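Chain by chain, the residues:
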Amino acid sequence: MIDPIAAWHTEHVYFNQLLGLLRKQIDVFHGGERPNYELMLDIVGYLRDYSDGFHHPREDAAFARLAKRCPDLELILARLSQEHRVIAHAGEALREQLQAILGGAIIPRAAVEVAAATYLVYYGNHIAKEEEDVLTRAAKELTKEDWEAVRAAVPAGRDPLFDADREERYRELRRQIALEA
Ligand SMILES: [Fe+2]
Ligand SMILES: [Fe+2]
């Protein structure tokens, strides 16, 4: 069986890489140039589909189990689950803005810049908090049965960006990630 904590941490590393790429595009705004909106949409689209669709629901299931075993973490875990809803909402709003821009709509640059920068900071802090406060405790407290329940809580989904069976639509995004490495 794959070590669930290692797999969890690896996904955070990938997500941070994507947020780093998003950061670079937001930096382009400062130079008054056109950011790569297609790439931004790929990043946010991937995070909406994979992270909001699989990673966060799995975490919510793990958090519920962990909260029962560690009452001192209950409030932190409740906040992190709430942040999943905020991230999904903010990500969808940003995705819609980017789709509108690519569809030819006139949207003030500042609106996109603010939405993207807010998403980036919020998401980065969220991941950092999970890494600091949750993963070590989960490794210690959650049992094999807990992890089985976590896996069963969400249908198995393959990661369209990082799994071996990769989707063509993320080719450019993978190229950009490789350039960063
Ligand atoms: Fe999370
Ligand atoms: Fe996470």
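See the structure printed just above.
Report on the accompanying structure.

What counts, and at which threshold
Residues numbered from 1 in each chain as written. Chains lettered and ligands numbered in written order. Predicted model: local features only at pLDDT ≥ 70, side-chain atom pairs only at ≥ 80, totals over all residues. Heavy atoms only, no water. Donors = N, O, S within 2.8 Å, 3.2 Å for Na, K, Ca; no water. Tetrahedral: all angles 85-135°; square planar, octahedral: opposite > 155°, others 65-115°. Helix = DSSP H or I, 4+ residues; strand = E, 2+ residues; numbered from the N terminus. Core = buried A, V, L, I, M, F, W, Y, C linked by side-chain atoms within 4.5 Å. Buried < 20%, exposed > 50% of the residue type's maximum accessible area, 1.4 Å probe, protein only. Contact = heavy atoms within 4.5 Å. Expected span 1.5 Å × (residues − 1). Axes fitted to C-alpha atoms, helices over the stretch in contact; angles between N-to-C directions. Parallel < 35°, antiparallel > 145°, perpendicular 65-115°, else oblique. Left-handed = near helix turned anticlockwise from the far one by under 90°. Nonpolar A, V, L, I, M, F, W, Y, C, P; charged D, E, K, R; others polar. Phe/Tyr/Trp six-rings, centres within 6.5 Å; stacked < 30°, edge-to-face > 60°. Salt bridge = Lys/Arg side-chain N within 4 Å of Asp/Glu carboxyl O.

## Concerning the coordination of the iron ion (ligand 1)
Octahedral six-donor coordination of a metal ideally yields angles of 90 or 180 degrees, compared with 109.5 degrees for tetrahedral four-donor coordination. Coordination sphere of the iron ion (ligand 1), protein contribution only: E59 (OE), H84 (NE2), H126 (NE2) and E130 (OE), at 1.9 to 2.1 Å. Between the four donor atoms coordinating the iron ion (ligand 1), the angles at the centre fall across 84 to 175°, so the site counts as irregular. Donor residues for the iron ion (ligand 1), ordered by position in the chain, follow E-x24-H-x41-H-x3-E. Taken as an interatomic distance, the gap from the iron ion (ligand 1) to the iron ion (ligand 2) is 3.2 Å; E59 donates to each of them. In this pair, H126 and E130 are both assigned in helix α4 (residues 109-141), four residues apart and thus about one turn of the helix distant.

## With respect to the nonpolar core
Core analysis: the biggest nonpolar cluster contains 31 residues, and Y46, L47 and L173 have the highest contact counts within it. Elements that contribute at least two residues to this core include exactly α1 (4-30), α2 (37-69), α3 (74-102), α4 and α6 (171-180). Looking at which element gives the most residues to this core, the answer is α2, with nine residues. Ignoring anything within four residues of it in the chain, the contact list for L173 reads L18, L21, L39, D42, I43 and L161.

## Regarding α1
Here α1 spans 40 Å end to end across 27 residues, near enough to the 39 Å set by a 1.5 Å rise per residue. Positive backbone phi, at 75°, marks G32, one or two positions downstream of α1.

## Overview of the coordination of the iron ion (ligand 2)
The protein atoms that coordinate the iron ion (ligand 2) are H12 (NE2), H55 (NE2), E59 (OE) and E130 (OE), at distances spanning 1.9 to 2.2 Å. Seen from the iron ion (ligand 2), its four donor atoms lie at angles of 78 to 167°, and the figure they make is irregular. Counting gaps between the donor residues of the iron ion (ligand 2) yields the pattern H-x42-H-x3-E-x70-E.

## Considerations on the packing of α2 against α4
Put simply, α2 and α4 touch, their axes get as near as 11 Å, and they point 30° apart. Here α2 is positioned roughly parallel relative to α4, judged by the angle of their axes. Between α2 and α4 lies a crossing whose hand is left-handed. Contact with α2, carried on its side by Y37, M40, V44, L47, S51, H55, H56, E59, F63, L66 and R69, involves V112, A116, Y119, Y123, H126, E130, V134, R137, A138 and E141 of α4 and no other residues of that element. Here the contact of α2 with α4 is composed, by residue class, of 12 nonpolar, four polar and five charged.

## Topic: the packing of aromatic side chains
One pair of aromatic rings is described through two measures. These are the centre distance and the angle between the planes. In the structure shown here, the tally under the stated rule is eight aromatic pairs. Aromatic side chains Y46 and Y50 sit 5.8 Å apart centroid to centroid with 15° between the ring planes, which places their arrangement in the stacked category. Taken together, the residues Y46 and Y50, both in helix α2 and four residues apart, mark about one turn of the helix. Taken together, F15, Y46, Y50, F54 and Y170 form an aromatic cluster joined through their ring pairs.

## Details of the pattern of salt bridges
Overall, the coordinates contain 12 salt bridges when judged by the stated rule. Its salt-bridge partner being E38, residue R34 comes within 3.8 Å of it at the nearest N-O pair. Note that R65 and D146 form a salt bridge whose closest N and O atoms lie 2.8 Å from each other. One end of the pair, R65, is in helix α2; the other, D146, is in helix α5 (residues 144-153), and 81 residues separate them in sequence. Ionic contacts of the salt-bridge type, sharing partners, join the residues R48, D49, D52, E92 and R95 into one network.

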